[in-house]
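So the chains spell out like this:
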Amino acid sequence: MKISGAEAVIRCLLAEGVDLVYGYPGGAIMPVYDELYKFQDQLHHVLVRHEQGATHAAQGFARATGKVGVAIATSGPGATNLVTGIADAQIDSTPMVCITGQVGKHLLGSDAFQETDIIGISTPVTKWNYQITEAHEIPEIIAKAFFIARSGRPGPVLIDITKNAQFDELDFSYEKCTSIRSYTPRPTLNLEKVKEAADLINNAKKPYIIFGQGIILGEAEEQLKALIEKTGIPAAWTILGLSALSTDHPLNVGMLGMHGNYGPNILTNECDVLIALGMRFDDRVTGNLATYAKQAKVIHFEIDPAEVDKNVKTTVAVLADVKEALNALIPLVENNSHEAWHNEFKEKYKIELESVINEELNPSKNHGISMGETIEMINKHSNGDAIMVSDVGQHQMFTCRYSKFNKTKSNITSGGLGTMGFALPAAIGAKMGMPEREVVAIIGDGGFQMTIQELGTIFQTKVPVKIVVLNNEFLGMVRQWQELFFDNRYASTKMINPNFIAIAEGYYIKSKKVTKREDLDAAVAEMMASKESYFLEVMVEKENNVFPMIPTGASVSDIRLN
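The name an unreviewed UniProt entry gives the chain is Acetolactate synthase, with Flavobacterium aquariorum as the organism. What UniProt states about the chain under its Sequence similarities (unreviewed entry) heading is, verbatim, "Belongs to the TPP enzyme family."

As structure tokens, then:
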């Protein structure tokens, strides 16, 4: 079948099972958009308002569904506007394929109109990228792109296609890629290493599991649950691992990291065996590496060899797909309860409850609405079944600390890159990927204005996303640091905000503003009951801080409660 390169792009996407893409047209990608028009009954295109919104929406879709997200843009500024979302996907291991248009092959290197070396620019932040200059390359390269994006440790791939390759014809056939020479996405499981890990676990007095997003990406949620229930080992999560295990599970002891729970952080330096499952020992989890878990024997289950021994030296490294590895481990571990060890976590939780949590969830009447009590109110009306998509800042930490989750793939946030503006477009993608689930975006007044234009995408598509802006009229996380470490010098963190309600109503989105605590319950109930998109602005305490907190460079043992 002889077809144009542009049509081949669409047929390749359809062959990969893609039925939804996000993008923004322009000159260098116009042939592909012309084919999109012809195939619109099979491949739905969502017109975002900024190319960065396309990548974040594709991320939200991928994180909620486990499928590969797809974003399309033109050359030059269209391509460069994708880079933040691509970098975000790379550090958070999100499977995504980005397709960009490029000037004709004969113009490459001539500084032609809207020519940018997107291959050179994106190389550090992609799992793989490739520039197609001939039409016949399209099927093979797109097949490779999807295989690389979704296999092993997932990540973003960028394919740049010159305009001549889009116009020229090729004899089309498509074969999915299942292997690439010299690329081994799934290491071979070493059963001896699994046995070594089991021996350490069986002889441990204070074993401790810390799990990350690898559990979700590897679809190993049931294996994690089976392991902890058999062994009685307490388990704590990174923010990207949140929702892999139900938040009310009795062996779920809470959140790790800079603003994590008191016990999970303190007791990291008291366990005798530390079992890391699908997490990479990020600096926000470990604090000062010189003092991190030095007393413990460390077992690291990891699919990416680059992460093993990178930050924390392991005693046993199990390099493998985590689901396969846990299936091999579970029969080898002994039944246990570790009751005394669990009681240590409970005692630490009581300290945090009295020092931090009670006041956050039930603030004094002389204080304004807190972010924590707003999240708790959403829990009340969602029953822990909603997908929570948070932006970056204080509200993100409150969302992760206090949200309740019954289902996996329910916490979507920007982890490693910390991208303000992530939540609004990511929530659009999550809701389109999982239309049967309630999706709530939790955003600060600063991050909201980074991608506020995506309200236009919501208006045009009618996607029923619930948007909650927690407005403290500050760049709250930076302000907290300025208060604690820079003698209250609030340099460029106070926000003079517009009328968010008027803006939302300008996009014909139903909206409400809450300034009084007594109005919060009814407003959240109305939002959650709405069958359409809904914008809720909650005016929260201006100088509320998120605690506990591990100061930068400090040990996890130095976590502060105030």
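## Thoughts on the nonpolar core
One finds Y208, I209, F211, L274, L277, F301 and L329 to be the most contacted residues of the largest nonpolar core, which totals 99 residues. Composition of this core by domain shows at least three residues from each of domain 2 (191–345) and domain 3 (364–539). In terms of nonpolar packing, the next biggest core, distinct from the first, is built from 51 residues, A64, A430, M434 and V469 among them.

## Description of the pattern of salt bridges
Any two side chains of opposite charge can pair, so long as their charged atoms come close to each other. Under the defined criterion, the tally for this structure stands at 28 salt bridges. The closest approach of N and O atoms between E352 and R401, which form a salt bridge, is 2.7 Å. Here E352 is found in helix α15 (residues 339–361), whereas its partner R401 is found in helix α17 (residues 394–402), with 49 residues between them in sequence. Like R401, E352 is buried. What emerges from the salt-bridge pattern is a single network uniting R153, D304, E307 and K310.

## Concerning the packing of aromatic side chains
A full pass over the atoms with the stated rule returns 11 aromatic pairs. By way of ring pairs, the aromatic residues Y208, W341 and F345 are connected into one cluster. In this structure, R479 packs its charged tip against the face of F474, placed 5.8 Å from the ring centre.

## A short note on the pairing of strand β20 (residues 534–539)
Most of β20 sits inside the fold, with 6 of its 6 residues counted as buried. Burial along β20 is two-sided: Y534, L536 and V538 facing one way and F535, E537 and M539 facing the other are all buried. Bridge count between strand β18 (residues 466–471) and β20: 6 bridges; the pairing is parallel. Within β20, the position partnered with I467 by the bridge is F535. Sheet analysis places strand β19 (residues 510–514) next to β20, joined by 5 bridges and oriented parallel. Paired with V514 across the two strands is V538, which belongs to β20.

## Brief notes about the sheet that holds strand β6 (residues 128–132)
Read across the open sheet, the 6 strands follow the order β3-β2-β4-β5-β7-β6; overall the sheet is parallel. Only two strands of the sheet have a single partner each, and these edge strands are β3 (44–47) and β6. Adjacent strand axes in the sheet meet at a mean angle of 20 degrees, parallel and antiparallel pairs treated alike. The pairing of β6 with strand β7 (residues 156–162) spans 5 bridges and is parallel. Counted as the bridge partner of Q131 is D160 from β7. In the packing of helix α3 (residues 51–65) onto the sheet, contacts are made with β2 (20–23), β4 (69–73) and β5 (96–102), and the angle to β4 comes to roughly 170 degrees.

## Things to note about the packing of α15 against α17
Closest axis-to-axis distance for the α15/α17 pair is 13 Å, and the angle between their directions is 110 degrees. Relative to α17, the element α15 is oriented roughly perpendicular. The way α15 lies across α17 gives a crossing that is left-handed. Of α17, the residues touching α15 (which contributes E352, V356, I357, E360 and L361) are F398, R401 and Y402.

## Structural notes on the domain arrangement of the chain
Looking at the assigned domains, one finds that the chain contains domain 1 (2–171), domain 2 (191–345) and domain 3 (364–539). Between the C-alpha centres of domain 2 and domain 3 there is a distance of 31 Å. The interface of domain 2 with domain 3 comprises 17 residues on the first partner and 19 residues on the second. Taken over both partners, the interface formed by domain 2 and domain 3 buries close to 1400 Å², and the fraction arising from carbon and sulfur atoms is 58%. For domain 2, the biggest contributors to the area lost against domain 3 are I239, S243 and H259; these three give 37% of the whole. Counting every contact that joins domain 2 to domain 3 gives 0 salt bridges. There are 8 residue pairs in polar contact (both at pLDDT 80 or more) connecting domain 2 and domain 3. Here the residues of the side of domain 2 that touches domain 3 sort into 8 nonpolar, 6 polar and 3 charged.

## Some words on the UniProt feature "domain: Thiamine pyrophosphate enzyme N-terminal TPP-binding" (unreviewed entry) in the chain
Within this numbering scheme, the UniProt entry marks residues 4–119 as carrying the feature "domain: Thiamine pyrophosphate enzyme N-terminal TPP-binding" (unreviewed entry). Between the C-alpha atoms that bound residues 4–119 there is a distance of 23 Å. The span itself is 43% helix and 18% strand.

## Considering the packing of α3 against helix α18 (residues 423–433)
Geometrically, a packed helix pair is captured by the angle between its two axes and the distance between the axes. Running from N to C, α3 and α18 point in directions that differ by 40 degrees, and their axes come no closer than 6 Å. As judged from the angle between their axes, α3 and α18 are oblique. Two packed elements cross with a definite hand, and for α3 against α18 that hand is right-handed. In contact with G53, H56, A57, G60, F61, A64 and T65 of α3, α18 contributes P425, A426, G429, A430 and G433.

Reading the values: the criteria
- Residues numbered from 1 in each chain as written.
- Predicted model: local features only at pLDDT ≥ 70, side-chain atom pairs only at ≥ 80, totals over all residues.
- Heavy atoms only, no water.
- UniProt positions renumbered as here; feature names shortened; annotations may be inferred.
- Core = buried A, V, L, I, M, F, W, Y, C linked by side-chain atoms within 4.5 Å.
- Buried < 20%, exposed > 50% of the residue type's maximum accessible area, 1.4 Å probe, protein only.
- Domains from an automatic or database assignment.
- Salt bridge = Lys/Arg side-chain N within 4 Å of Asp/Glu carboxyl O.
- Helix = DSSP H or I, 4+ residues; strand = E, 2+ residues; numbered from the N terminus.
- Phe/Tyr/Trp six-rings, centres within 6.5 Å; stacked < 30°, edge-to-face > 60°.
- Lys NZ or Arg CZ within 6 Å of the ring centre and 35° of its normal.
- Pairing = 2+ DSSP bridges.
- Axes fitted to C-alpha atoms, helices over the stretch in contact; angles between N-to-C directions.
- Contact = heavy atoms within 4.5 Å.
- Parallel < 35°, antiparallel > 145°, perpendicular 65-115°, else oblique.
- Left-handed = near helix turned anticlockwise from the far one by under 90°.
- Buried area = accessible area lost by both parts, 1.4 Å probe.
- Polar contact = N/O pair within 3.5 Å; in protein donor to acceptor, adjacent residues only side chain to side chain.
- Nonpolar A, V, L, I, M, F, W, Y, C, P; charged D, E, K, R; others polar.

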